[in-house]
Amino acid sequence: MLYIHIPFCQQRCIYCDFYSTTHTAAHIDAYIKSLSREMELRRDELPSPLLHSVYIGGGTPSLLSAEQIRKVFHAIRSNFTITTDAEITIEANPDDITPAFLETILQEGVNRISMGVQTFDDATLSLLRRRHSGAQAIKAVECCHTMGIPHISIDLIYQLPHQTAQSWSEDVRKALSLPIDHLSAYALTVEEQTPLHRLLQQGEFSLPTDELACDMFQLLCDETKRYGFEHYEISNFCKPGCHSRHNSGYWSFKPYLGLGPSAHSFDGNIRSVNPLSLHTYLTSEGTPEQQIERLTLTELCNDFVLTSLRTSKGLDLNALTHKFGSAITKQISTWAAPHITANRLSLTDTRLALTQTGIMLANDIISDLMIIEDE
Ligand code: SF4
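Along each chain, the written sequence defines residue order, and numbers are assigned to residues from 1. Confidence filtering applies because this is a predicted model: local features only for residues at pLDDT of at least 70, side-chain atom pairs given and counted only at 80 or more, and all residues used for totals across whole chains, interfaces and linings. Note: side-chain values were computed over all heavy atoms of the structure, leaving out hydrogens and water.

Caption draft 1: Quick peek at the packing of helix α2 (residues 66-79) against helix α3 (residues 99-107). At a closest axis distance of 10 Å, the pairing of α2 and α3 adopts a crossing angle of 15 degrees. Between α2 and α3, the angle is such that the two are roughly parallel. Two packed elements cross with a definite hand, and for α2 against α3 that hand is right-handed. Note on element contacts: α3 touches α2 through Phe101, Thr104, Ile105 and Gln107, opposite Ala66, Ile69 and Arg70. Residues are grouped as follows: Ala, Val, Leu, Ile, Met, Phe, Trp, Tyr, Cys and Pro are nonpolar; Asp, Glu, Lys and Arg are charged; all remaining types, including Gly, are polar. Looking at the contact of α2 with α3, its residues break down into four nonpolar, two polar and one charged. Working convention: axes come from line fits to C-alpha atoms, limited for helices to the stretch in contact. Angles between N-to-C directions cover 0 to 180 degrees. Numbering of helices and strands runs from the N terminus; a helix is a DSSP stretch of H or I covering at least four residues, while a strand is a stretch of E covering at least two. Roughly parallel covers angles under 35 degrees, roughly antiparallel covers those over 145, roughly perpendicular covers 65 to 115, and oblique covers all other angles. In this scheme the crossing of two helices becomes right-handed for a clockwise turn of the near helix relative to the far one and left-handed for an anticlockwise turn of less than a right angle. Only heavy atoms matter for contacts: two residues are in contact if any of them lie within 4.5 Å across the pair.

Next comes the structure, spelled out in structure tokens:
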């Protein structure tokens, strides 16, 4: 799996803590050169040159011109072999979607577009400093559909400033009435160092309560079900067979290579992250200096349990034993027992999964199953 980070945005949304810069035009060409070089230097970190999934995210990949997009794909194809059935995703902002942009990405084999819509409410979009309106988002999805993009996913956020049960319900219904086959919906996370955090501290506005957020999540689960979507991961819903192969790869601990500033990579044991600076990235002479995170066995095990339990497939106890030993499985089964009795977790064959009741309490249940590392 290959992830490519495009670290440019036209303007910064107030809640975002992804690495990107708004100083774009002058740097994109130089950036693509550095990206191609990093690809050449690091391609052997993947166990095989065959790519089953390519994900171009950001930042805002849809800011790239047709020629720049072609250059990125040329670099990928010069260093790897994209399999014929690969999932190739590009992230896009609704206001960048034009027939010409879609034609370019289709020619390059992109078969999935992931669009940050967040909400259809114009006042909230402008408060969040999103560049698009609700109407533009609808038009963009329809344009993707008409132009023949095979898979369309959109992102929504709940627990936003000024959001009510009613406005969230309208967002969800509008989203589900569009020709999409995948929906990701996240509760707003207020990251420190973001303008949103500062504005909240200053009391500029408040957020819906956690109780209301639970109701919003419940409505999301009910409505997606009504529209025939599978709830395959806590924050992700899809039409049958249309799950995100890339994200599922992350959740099943497949190795991936991430290129570009702030991009993460994982080889099965070791995680690494590229520098969070475009300048450092552009001026690196060899491979950009990465921060290495060597995970302890306990950390790997906790990650495995947490990530697996967030998915509808749940935690495979045989796989847990195979990876971490039977003592761990025994311990986690003991901790899980009261949740099974209370119908918050189900145990079918050797799979432990959250029930409908459990999904609403996922964080608490999962934290009960985490191993505390000895000091
Ligand atoms: S467009 Fe996306 S990456 Fe850029 S600031 Fe907004 S949320 Fe962050």
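Caption draft 2: Quick look at the sheet that holds strand β2 (residues 50-58). When DSSP finds two or more bridges between a pair of strands, those strands are recorded as paired. With mixed pairing, the nine strands of this open sheet are ordered in space as β7-β8-β6-β5-β4-β3-β2-β1-β9. Strands at the two margins of the open sheet, each flanked by one partner only, are β7 (230-233) and β9 (257-259). Ignoring strand direction, the axes of neighbouring strands in this sheet form an average angle of 20 degrees. Of the strand pairs in this sheet, strand β3 (residues 81-92) and strand β4 (residues 112-118) are connected by four bridges, and their pairing is parallel. Following the sheet pairing, Glu91 is matched in β4 by Ser114. Strands β1 (2-6) and β9 of the sheet are contacted by helix α1 (residues 28-42), whose axis makes an angle of about 155 degrees with β9. The strands touched by α2 within the sheet are β1, β2 and β3, with β2 carrying the most contacts at an inclination of about 150 degrees.

Caption draft 3: Inspection of the sheet that holds strand β10 (residues 264-266) at higher detail. With antiparallel pairing, the three strands of this open sheet are ordered in space as β10-β11-β12. Looking at strand neighbours, the two that pair on one side only are β10 and β12 (291-294), the edges of this open sheet. The mean inter-strand angle of the sheet, taken between neighbouring strand axes irrespective of direction, is 20 degrees. Sheet topology places strand β11 (residues 270-273) next to β12; four bridges connect them, and they run antiparallel. Bridging across to β12, Ser272 finds its partner in Ile292.

Caption draft 4: Spotlight on the pattern of salt bridges. A pair is scored as a salt bridge if a Lys or Arg side-chain nitrogen falls within 4 Å of a carboxyl oxygen belonging to Asp or Glu. The final tally for this structure, using the stated rule, is twelve salt bridges. When the shortest N-O distance is used, the salt bridge between Arg42 and Glu45 registers 2.9 Å. Three labels apply to residues, based on accessible area from a 1.4 Å probe with only protein chains included: buried if under 20% of the type maximum, exposed if over 50%, partly exposed otherwise in between. A relative accessible area of 43% places Glu45 in the partly exposed class. Overlapping salt bridges bring together Glu38, Arg42 and Glu45 as one network.

Caption draft 5: How the structure looks around the nonpolar core. In this structure, Ile76, Ile97 and Ile113 are the most contacted members of the largest nonpolar core, which totals 91 residues. Where a domain begins and ends is set by an automatic assignment or by a domain database. Each of domain 1 (2-251) and domain 2 (298-368) contributes no fewer than three residues to this core. Sequence-distant contacts of Ile97, defined by excluding residues within four places in its chain, comprise Ala92, Leu102, Ile113, Met115, Ala140, Cys143 and Cys144. Among buried residues, the Ala, Val, Leu, Ile, Met, Phe, Trp, Tyr and Cys ones that are joined through side-chain atoms within 4.5 Å form a nonpolar core. Counting ten residues, the second largest nonpolar core, distinct from the first, contains Cys13, Cys16, Leu160 and Leu196.

Caption draft 6: The domain arrangement of the protein, seen in detail. Under the domain assignment, the protein is made up of domain 1 (2-251) and domain 2 (298-368). A separation of 29 Å is found between the C-alpha centroids of domain 1 and domain 2. Summed over both partners, the accessible surface that disappears when two parts come together, traced with a 1.4 Å probe, is what is meant by buried area. Roughly 910 Å² of surface becomes buried between domain 1 and domain 2 when both sides are summed, with 61% attributable to carbon and sulfur atoms. The three residues of domain 1 that bury the most area against domain 2 are Glu233, Ile234 and Trp251, which together make up 48% of that side's buried surface. Taken together, domain 1 and domain 2 are joined by one salt bridge. For Arg310, the salt bridge is made with Glu233, and the minimal N-O distance between the two is 2.8 Å. We define a polar contact as two N or O atoms separated by no more than 3.5 Å, with the added condition that, inside protein, one atom must be a possible hydrogen donor and the other a possible acceptor, whereas residues neighbouring each other in sequence contribute only through side-chain atom pairs. Across the domain 1-domain 2 interface, the total number found is four residue pairs in polar contact (both at pLDDT 80 or more).

Caption draft 7: Geometry of the side chain of Gln159. Turning to its location among the elements, Gln159 is positioned in the loop between β5 (151-158) and α6 (165-176). A polar contact is formed between the side chain of Gln159 and the backbone oxygen of Pro208, at a distance of 3.0 Å. Of the polar contacts made by the side chain of Gln159, one reaches the side chain of Asp210; its length is 3.0 Å. Excluding anything up to four places from it in sequence, Gln159 contacts Ala187, Leu188, Leu207, Pro208, Thr209, Asp210, Ala213 and Met216.

Caption draft 8: View of the site of the ligand. For the ligand, the full set of nearby residues is Cys9, Gln11, Arg12, Cys13, Tyr15, Cys16, Gly59, Thr60, Asn93 and Arg130. Classifying every residue of the shell around the ligand by side-chain character gives four nonpolar, four polar and two charged. We define proximity as follows: a residue is near a molecule or strand when any one of its heavy atoms falls within 4 Å of that partner.

Caption draft 9: Structural detail: the packing of aromatic side chains. To pair, rings of Phe, Tyr and Trp, with the six-membered ring standing in for Trp, must have centres within 6.5 Å; the planes then decide the type, stacked if under 30 degrees apart, edge-to-face if over 60, and tilted in the middle. Going through the model one piece at a time under the given rule, you end up with eleven aromatic pairs. Ring geometry for Tyr3 versus Tyr55: centroids 6.0 Å apart, planes at 25 degrees, classification stacked. Highlighted residues: Tyr3 in strand β1 and Tyr55 in strand β2, separated in sequence by 52 residues. Here Tyr3 falls in the buried class, since its relative accessible area comes to 14%.

Caption draft 10: Highlighting unusual backbone geometry. A cis amide bond links Gly58 with the next residue in sequence, Gly59, at an omega value of 20 degrees. In this model, Gln193 sits at a positive phi of 75 degrees, which is unusual for a non-glycine residue. Along the chain, the position of Gln193 falls in the loop between β6 (182-187) and α7 (195-201). For Ser262, which is not glycine, the phi dihedral falls at a positive 75 degrees.

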